[in-house]
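Commentary on secondary and tertiary structure
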Amino acid sequence: MGNAGENSDEIKLLKQGAEGKLYIGTYKGKRCLVKERFEKKYRHPALDRQLTRQRIKAEQKAFQRCAAAGLQTPTLFGVDLEGRKLYMEYLDKSRTAKEFIDELTAVAPGKDATASPQLRKLAEKIGHVIGVLHRNNLVHGDLTTSNMLLDPVEDGASEDAAVFPYRLVTIDFGLSHFSDNNEHKGVDLYVLERAILSTHSQLPDLFGLIMEAYRVHNTNNCKETIAKYEEVRARGRKRTMVG
């Protein structure tokens, strides 16, 4: 994908973080989502340019690997290495898995939401996605329910649509990398577990449901990866206890 510097018109800022900003822009006249990485002033300019180009290229490759594995991501329209931008599909009808879970649990507070067919289907889909990522040696690097979008599908689009009328779209591959290292994958799982326990503390069984599906879909050294995850988890607990 070539440069897209002529497509930098900013329409609306959606999010700004430590690494960059997301805004609605245009790509070849088409409305899209633009991810722009800031210049880090504390780095030497040449080093910052090199690292930024590497991260953008890694993110671009992650989109390609997901497509090859049959996983859903926003369509990547193009990249602009000089402008530090990625141009991708803007899924304006989607919401994050975090928002979906929060709405679901708010309807019946105090009840075990993991009994909900919708939540169980969501957990199954999350486990499937991460299992396929790791089966294909792709480590996401920042697995949270905020980095998963639920994009509505039409009735009858799939056999699950009656219960769960959404496709799960994974986003934000800014920290992703290709690795067959089981510990890297174990850390990926641990990051997700910590994010779920922190964000969805009312659902202590949610991560276990995700792991059930993960075991089915990661057929690439799954036992070894889970063993590494448990090691990482034990180290994390020890650090918490020691302070």
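Residues numbered from 1 in each chain as written. Predicted model: local features only at pLDDT ≥ 70, side-chain atom pairs only at ≥ 80, totals over all residues. Heavy atoms only, no water.

Right, let's get into the packing of aromatic side chains. This model, assessed by the stated rule, comprises seven aromatic pairs. Seen from their ring centres, phenylalanine 207 and tyrosine 229 are 5.8 Å apart, and the 50 degrees between their planes marks the pair as tilted. On the criterion of sequence distance, the pair formed by phenylalanine 207 in helix H5 (residues 206-217) and tyrosine 229 in helix H6 (residues 222-242) is long-range, its members being 22 residues apart. Residue class for tyrosine 229 comes out buried when judged on its relative accessible area of 6%. Aromatic ring contacts, followed pair by pair, group Tyr27, Phe77 and Tyr87 into a single cluster. (Phe/Tyr/Trp six-rings, centres within 6.5 Å; stacked < 30°, edge-to-face > 60°. Helix = DSSP H or I, 4+ residues; strand = E, 2+ residues; numbered from the N terminus. Buried < 20%, exposed > 50% of the residue type's maximum accessible area, 1.4 Å probe, protein only.)

Attention now goes to the sheet that holds strand E9 (residues 166-170). What holds strands together in a sheet is hydrogen bonding between their backbones, with the strands either parallel or antiparallel. Read from one edge to the other, the open sheet built from three strands follows the order E6-E8-E9, with strand pairing classed as antiparallel. With partners counted over all chains shown, the strands left at the sheet margins are strand E6 (95-96) and E9, one partner each. In this structure, E6 lies alongside strand E8 (residues 148-152), joined through two bridges in antiparallel fashion. Each residue of the ladder has a partner; that of threonine 96, found in E8, is leucine 149. In the packing of helix H3 (residues 117-135) onto the sheet, contacts are made with E8 and E9, and the angle to E9 comes to roughly 40 degrees. (Pairing = 2+ DSSP bridges. Contact = heavy atoms within 4.5 Å. Axes fitted to C-alpha atoms, helices over the stretch in contact; angles between N-to-C directions.)

Leu122, Ile126, Ile130, Met148, Leu192 and Leu206 are the most contacted members of the largest nonpolar core, which totals 37 residues. Top contributing element to this core by residue count: H3, with eight residues. Setting aside chain neighbours within four positions, we find leucine 206 in contact with Ile101, Thr114, Leu119, Ala123 and Ile196. Ranked by size, the runner-up nonpolar core spans eight residues in total, among them Leu33, Ile56, Leu81 and Leu86. (Core = buried A, V, L, I, M, F, W, Y, C linked by side-chain atoms within 4.5 Å.)

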